[in-house]
Amino acid sequence: AHRVDGDLPGALRLALEADTVARRFGTTATMRWTRGAIIGLRLELGDWDACAPAADEFLAESAAQGPHYQDTWIRVCRSWIRLARGDTEGALADQRESLISARQAKDPQVLCPALSGSAYVLAMAGRADEAQPVLSEMFGLGGAQESALDESSVDCVLAAEMLGRLDEAREWVRAWRDSPWSGAARKLADRDFTAAAEALDAMGGARSAALARLRAARELTRAGRRAEADQQLRQALGFFRSVAATRFVREAEALLAASA
């Protein structure tokens, strides 16, 4: 509930408390559930040094013990980290597996993140032909789209922009109920990237805010507003460097040089 309501630090605090209780009672199944929730929150909050090895460990356990419901979400998280750190092939491998398990589950809670994450990763990897039908599937979920009211909505709108379908994304997010996430997604779809970044920062969405700031910087640079572009770039770079997101560091540094 905290996550959907836009309080990511509060959500992590409660997830960590749940994990402590699960460990005290020794309930292995519950511990796997809480660990999965913690991994996803740490991705968005920016604690990748804890998130990445935890994701590797979780998926290794699933390979040894059998699949888990959380595998889809964990693969989405690891796919994103791999993409950001320059491992495109690893990101695509996780992206493929996340779609397979999500479509088997058919649950919007895992299907929406898998579809939006896949559309973003495929678009960033230059595989627009593969990304387009995935994005269409996401847009076609109808009432199930309310399950995407979290950071996956950011990936979806940004993927739609890369794929030339921002008008569709705008109509998509307008149908959602009002919430902090839908508000930020609407700002992205309206190309108000700076306002979107501020809204995402307020929720603790450091990863999504950095993406929005990078996009804002591109727009501001094109408009010749160099001082404002530099401000957005420096904030984005602070995050990307802190999590070793080398792909985005290079992009931001190139924009910073261009705005000089």
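Scroll up to find the structure.
I will try to describe carefully the structure that is included in this document. (Residues numbered from 1 in each chain as written. Predicted model: local features only at pLDDT ≥ 70, side-chain atom pairs only at ≥ 80, totals over all residues. Heavy atoms only, no water.)

## Thoughts on the packing of aromatic side chains
This structure, assessed with the given rule, holds 9 aromatic pairs. An angle of 80 degrees between the planes, with centres 5.8 Å apart, marks the rings of Trp48 and Trp80 as edge-to-face. Of the two residues, Trp48 sits in helix α3 (residues 48-65) while Trp80 sits in helix α4 (residues 71-84), which places them 32 residues apart along the sequence. Residues Trp48 and Trp80 agree in their burial class; the two are buried. Measuring from ring centre to ring centre gives 5.1 Å for Phe240 and Phe248, while their planes differ by 20 degrees; the resulting arrangement is stacked. Look at Phe248 and you get buried, because its relative accessible area is 1%. Clustering of aromatic rings is evident, with ring pairs tying together Trp48, Trp80, Tyr120, Phe239, Phe240 and Phe248. A cation over an aromatic ring shows up here: Arg32 above the ring of Phe58, its NZ or CZ 4.0 Å from the ring centre. Above the ring of Trp80, the side-chain terminus of Arg207 is found at 4.5 Å from the ring centroid. (Phe/Tyr/Trp six-rings, centres within 6.5 Å; stacked < 30°, edge-to-face > 60°. Helix = DSSP H or I, 4+ residues; strand = E, 2+ residues; numbered from the N terminus. Buried < 20%, exposed > 50% of the residue type's maximum accessible area, 1.4 Å probe, protein only. Lys NZ or Arg CZ within 6 Å of the ring centre and 35° of its normal.)

## Here we look at the packing of α4 against helix α14 (residues 246-258)
For the pair α4 and α14, interaxial distance at closest approach is 5 Å and the crossing angle is 45 degrees. As the angle between them shows, α4 and α14 are arranged oblique. Note on element contacts: α14 touches α4 through Thr246, Arg247 and Phe248, opposite Trp80, Leu83 and Ala84. In terms of residue class, the contact of α4 with α14 is built from 4 nonpolar, 1 polar and 1 charged. (Axes fitted to C-alpha atoms, helices over the stretch in contact; angles between N-to-C directions. Parallel < 35°, antiparallel > 145°, perpendicular 65-115°, else oblique. Contact = heavy atoms within 4.5 Å. Nonpolar A, V, L, I, M, F, W, Y, C, P; charged D, E, K, R; others polar.)

## So, the nonpolar core
Counting 83 residues, the largest nonpolar core has Trp48, Tyr120, Phe240 and Phe248 as its most contacted members. Counting residues per element, this core draws most heavily on helix α6 (residues 108-124), which supplies 10 residues. Look past the residues within four positions of Phe248 in its chain and what remains in contact with it is Trp80, Ala84, Tyr120, Met124, Leu211, Leu214 and Phe240. (Core = buried A, V, L, I, M, F, W, Y, C linked by side-chain atoms within 4.5 Å.)

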